[in-house]
Structures are given as structure tokens and as C-alpha cells.
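Now for the letters of each chain:
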Amino acid sequence: MTASAEDKMQFLFALRSRGVTDSRVLTAMEEIDRGLFIRGLFSERAYEDMPLPIACGQTISQPSVVGLMTQALDPDPRDKVLEIGTGSGYQAAVLSKLVRRVYTVDRHRRLVREARAVFEALDLGNITTMTADGSHGLPDQAPFDRIIVTAAAEDPPGPLLAQLKIGGIMVVPVGQSDAVQTLIRVRRTDAGYDYEELRPVRFVPLLEGLGKDA
Ligand code: SAH
């Protein structure tokens, strides 16, 4: 499934009307075709502003939420970014257009394999994929300028806070997995961490260990 001109217009209109106003983020989301990250029947709905099911019982996030999270991350072209929760790979692909390097981790090997195939097809050479429990972060690659978590934790995981550079930003949904959660932005300063509540969101939970298919 690839986007028609009309699909694209509606897609970008929905993003803008939901508050995605950063022109670099909009351009990146125009460049990365969401239809390539969704398989099967649901691919027909790729350009609607809604989350959709993907393999392993997971979901590709709603495009406007991807846009708002990317915007909240305030990405810089020099940044090294860690994403926890590769899922379909869509968020990582959007980020790859905006920063120097993206490390993306998922606990399901199958999702990582499928996302990697799309990154290769799109020639997105600055994304490194990994199958792992991302709540421990990636100590070997730390510290990161930016960290984005696309699964909900009860609290921002300690190892991720520790792997954020001073001056760095982390965006993470926090709260109980079966309730509405809050998207939080954490800034690491010389003195510690500043927390800011952005908006209510709903994500699948951040789970421990590797997925069953791994
Ligand atoms: N960013 C994705 C959507 C993520 S859905 C996209 O753009 O499509 C949340 C993902 O987090 C799921 O794929 C799930 O497997 C993964 N996940 C949950 N807990 C995890 C953990 N501890 N470590 C790594 N990935 C995890």
C-alpha cells in the first residue's frame, strides 16, 4: 500500500489539526510512507489518524501521537537517539530523517526483523536495530541525546534516565497499562531531572524480558 496524493493531503491535514506544527517533523512524516509499515487488511487504513494492529499483538501508534512525541523530543540533526519499542518501525523511520543516528530496541524478534526489512528497502542507513528488553537501555551505546519510549511504564525506567546526556530529553508515557497514561517529558540538567506532563495517551505496556517469539 502506498499513499495517493489525496491520502497524503488528508494525512498531513490531520497531523496539523492535532497540533503537529513543526515543519521539519511534518516533512519527515510526509517522506516516510506509513503504509509500508502495516501488513494485511489494515494497510488500507494506514493514512487515517488511528493506531492499528501489527504482529505480536502490538500496535503502530496513531500518526498524530508519533508527530507530537517527535516534536516534544526537539530532535537535532546531530543527535544520537534511543527508541524503546520498535513495533512496526514507523516512529524510528520518522526520527531517522531528523537525527544523526537512531538505535531502536524491541523485545519481539519478529517485529525487529520486519522493521529492519523496511528500513533496508527505504535505504535508511542510520538506524541500528536490536532485540532486547529495552527497559535496561543500551549501556554500550550510552549516553543518548534523546530517548523515546513508545510503551507505557509505571515510572520512567532508572537505567534510561541514567543513559540520558545532561541537556538531553526523554519522552515517555507513564501510568498503569490498562488506564489512560500521561506523556511525560524529562529534561536532564546539571542538577537532576525536570519532569513535565504533556498530554494523556494510551500505549501498550512496557513488559519485562523477551517476547515469546524470540
Ligand atoms: N514505536 C512503534 C509502536 C510501538 S508499540 C511504532 O512506531 O510502530 C510498543 C512496542 O514496545 C511493542 O512492539 C512492544 O513489543 C515493545 N516493548 C514492550 N516492552 C518492551 C521492552 N521492555 N523492551 C523493548 N520493547 C518493548
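Residues numbered from 1 in each chain as written. Predicted model: local features only at pLDDT ≥ 70, side-chain atom pairs only at ≥ 80, totals over all residues. Heavy atoms only, no water.

### What to know about helix α2 (residues 23–31)
Formally: Think of it in three bands: with a 1.4 Å probe and only protein chains considered, a residue is buried below 20% of the maximum accessible area for its type, exposed above 50%, and partly exposed in between. Secondary structure counts use DSSP, requiring at least four H or I residues in a row for a helix and at least two E residues in a row for a strand, with both numbered from the N terminus. An arc is given here, and it is the one of the directions from the helix axis to the C-beta atoms. Any two residues whose heavy atoms approach within 4.5 Å at even a single point are treated as in contact. The definition of a polar contact used here is a pair of N or O atoms within 3.5 Å, where within protein one atom must be able to donate a hydrogen and the other to accept one, and adjacent residues in sequence count solely through side-chain atom pairs.
Burial in α2 covers these residues: Val25, Leu26, Ala28 and Met29. In a view along the axis of α2, the buried residues occupy a sector of 160°, so they form one face of it. Residues of α2 that are buried sit in contact with α1 (5–17), α3 (63–72) and α4 (90–96). The backbone nitrogen of Arg24 has a side-chain oxygen 2.8 Å away, supplied by the residue at the start of α2, namely Asp22.

### Details of the side chain of Gln91
Mapping Gln91 onto the fold places it in helix α4. On the accessibility criterion, Gln91 (7% relative accessible area) is buried. At a separation of 2.9 Å, a polar atom in the side chain of Gln91 contacts the side chain of Thr70. With near-sequence residues (within four places) excluded, Gln91 lies in contact with Val66, Met69, Thr70, Glu83, Ile148 and Thr150.

### Some thoughts on the pairing of strand β9 (residues 193–201)
To keep things clear, this is the line we draw: Pairing between strands is defined by DSSP: at least two bridges between the two strands are required.
The sheet contact formed by strand β8 (residues 181–188) and β9 spans eight bridges and is antiparallel. Counterpart to Leu183 in the pairing with β9 is Arg199. The turn joining β8 and β9, which pair antiparallel and follow one another in sequence, is formed by four residues; a positive phi near 155° is taken by Gly192.

### Description of the packing of aromatic side chains
Cut-off, in case you're wondering: Each Phe, Tyr or Trp ring (for Trp, its six-membered ring) is paired with any other whose centre lies within 6.5 Å, and the angle between the two planes then decides the class: stacked below 30 degrees, edge-to-face above 60, tilted in between. In our convention, an over-ring charge means Lys NZ or Arg CZ found within 6 Å of a ring centre and within 35 degrees of that ring's normal.
Going through the model one piece at a time under the given rule, you end up with three aromatic pairs. For the ring pair Phe37 and Tyr90, a centre distance of 5.7 Å and an interplane angle of 65° mean the geometry is edge-to-face. Pair noted here: Phe37 is in the loop between α2 and β1 (52–53) and Tyr90 is in helix α4, with a separation of 53 residues, a long-range link. Both rings, one in Tyr103 and one in Phe144, keep their centres 6.0 Å apart while their planes meet at 70°; by these two values the pair is edge-to-face. In this pair, Tyr103 sits in strand β4 (residues 101–106) while Phe144 sits in strand β6 (residues 144–149), placing the two residues 41 residues apart along the sequence. Exposure remark for Tyr103: the relative accessible area of 10% places this residue in the buried category. Note that Lys80 overlies the ring of Phe144, its terminal NZ or CZ placed 5.4 Å from the centroid.

### What to know about empty space enclosed by the protein
Our working rule: Here the term cavity refers to a set of points on a 1 Å grid, laid over the protein atoms alone, in which a 1.4 Å probe fits but cannot get out; the term pocket refers to an open set having protein on both sides within 12 Å along at least five of seven lines, with lining residues being those that place an atom within 4 Å of a point. Grid points are joined across faces, edges and corners, and a volume is the space filled by probe spheres set on the points. Throughout this entry, Asp, Glu, Lys and Arg are counted as charged residues, while Ala, Val, Leu, Ile, Met, Phe, Trp, Tyr, Cys and Pro are counted as nonpolar. The remaining residues, Gly among them, count as polar.
Throughout the structure, instances matching the rule amount to one cavity of 30 Å³ or more. Counted as a void, the largest cavity has a volume near 60 Å³. Ala3, Lys8, Phe11, Leu12, Met29, Glu30, Ile32, Asp33, Arg34 and Tyr47 together form the lining of the largest cavity. Contributions of two or more residues to the lining of the largest cavity are made by α1 and α2. Per element, the largest residue contribution to the lining of the largest cavity is three residues, and it comes from α1. Tallied by class, residues from the lining of the largest cavity come to six nonpolar, no polar and four charged.

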